[in-house]
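Coordinates in review
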Amino acid sequence: MPLITNLQPHGPYAMVSLHQLGGVPVVMKELLGHGFLHGDALTVTGRTLAENLRYVPSLDALGPQDIVWPVERPIAPPNHHISVLKGSLAPESAVLKLSGKTLKGGAFQGYAKVFESEADTLQAIRADRIVPGDVVVVRNVGPVGAPGMPEMVHLTIQLQGRGLGKDVALITDGRFSGVSHGILVGHVSPEAARGGPIGLVCDGDTIVIDPRARTIELAVDGIELARREAARGTPRRLALRPGSALDKYARLVSSAHYGCVL
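Residues numbered from 1 in each chain as written. Predicted model: local features only at pLDDT ≥ 70, side-chain atom pairs only at ≥ 80, totals over all residues. Heavy atoms only, no water.

**Observations concerning the layout of surface pockets**
Using the following cut-off: Residues are said to line a cavity or pocket when one of their atoms sits within 4 Å of a point; the points come from a 1 Å grid over protein atoms alone, cavities being sets where a 1.4 Å probe fits but cannot get out and pockets being open sets with protein on both sides within 12 Å along at least five of seven lines. Grid points are joined across faces, edges and corners, and a volume is the space filled by probe spheres set on the points. Following the grouping adopted for this structure description, the nonpolar residues are Ala, Val, Leu, Ile, Met, Phe, Trp, Tyr, Cys and Pro, the charged ones are Asp, Glu, Lys and Arg, and the polar ones are all others, Gly among them. The secondary structure listing takes helices from DSSP runs of H or I that are at least 4 residues long and strands from runs of E that are at least 2 residues long, numbered from the N terminus.
There is about 370 Å³ of room inside the largest pocket. Lining the largest pocket are 18 residues, and of these Leu3, Thr5, His10, His81 and Ile82 sit closest to its centre. Residue composition of the lining of the largest pocket, grouped by class: ten nonpolar, seven polar and one charged. Space inside the second largest pocket adds up to approximately 250 Å³. Broken down by secondary-structure element, the contributors of at least two residues to the lining of the second largest pocket are helix 2 (24–33) and helix 4 (59–62). A total of three residues in the lining of the second largest pocket trace back to one element, the largest contributor, which is helix 2. Here the residues of the lining of the second largest pocket sort into four nonpolar, five polar and six charged.

Next up, the structure:
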């Protein structure tokens, strides 16, 4: 899908500007008119999506403005902001942010440095143990492993502040916020706590992120991965009080690939 809203963090406007223009319905009207939304979908109003948007003004009717851009003339074409990847590191899927902005030159290849928590990763970044060419892997922070899939925004801020945003990749089974910048791959599925390959990555492994092929590959041969799988045993999970809300959530929540639904 093309990028058509000129909002922060990639643009100058905040959400209040979009609200004053007419809000999210203005964006939806433009997307509906170009086949990106199902107009016959029934909504909670009892009317279809198209019926709800019938009286929302079009971009032409709004007059000159540069907050919402036409689909025919987008701020960025499709696949330049969010891309879904698959590969040996993410057999279900993973999400690459800002792919067209940070990986204009093509694929990124680097060597893994593995961490089991956000706190451990933050400590390593602040101690200058992360250098250009590294692929920082933060695992066990997915829907089950955290539990709850926290965002890794503090890590991205630290990397950007040290000038490493274009030279270090960050891969996680957690998620990122909308303000995050850099070579960021989140929502890696299956997550480590569900036995995903991200749980088998070791320091020094080569990882390749290819935005054009939409792949994310762990360059380790099958024999070695099988050996690691046998040695891993039961995937690591936090000890939660039986019967607690978190315990129920961790047992019932689906993969990020399926929306983390219960």
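**What about helix 8 (residues 222–232)?**
Basically, it comes down to this: Polar contacts here mean pairs of N or O atoms no more than 3.5 Å apart (in protein, one a potential hydrogen donor and the other a potential acceptor; neighbouring residues in sequence count only if both atoms are side-chain atoms).
Backbone nitrogen of Ile223 and a side-chain oxygen of the N-cap are separated by 3.1 Å at the start of helix 8; the cap is Asp221. Just downstream of helix 8 lies Gly233, where phi reads positive at about 70°.

**What to know about the packing of aromatic side chains**
Rules: Pairing of aromatic rings covers Phe, Tyr and the six-membered ring of Trp, with a centre-to-centre limit of 6.5 Å; geometry is then stacked below 30 degrees between planes, edge-to-face above 60, and tilted otherwise. We count a charge as sitting over a ring when the NZ of a lysine or the CZ of an arginine lies within 6 Å of the ring centre and within 35 degrees of the ring normal.
Taken as a whole, this structure holds zero aromatic pairs when the rule is applied. Directly above the ring of Trp69 sits Arg73, whose terminal nitrogen or CZ lies 5.5 Å from the centroid.

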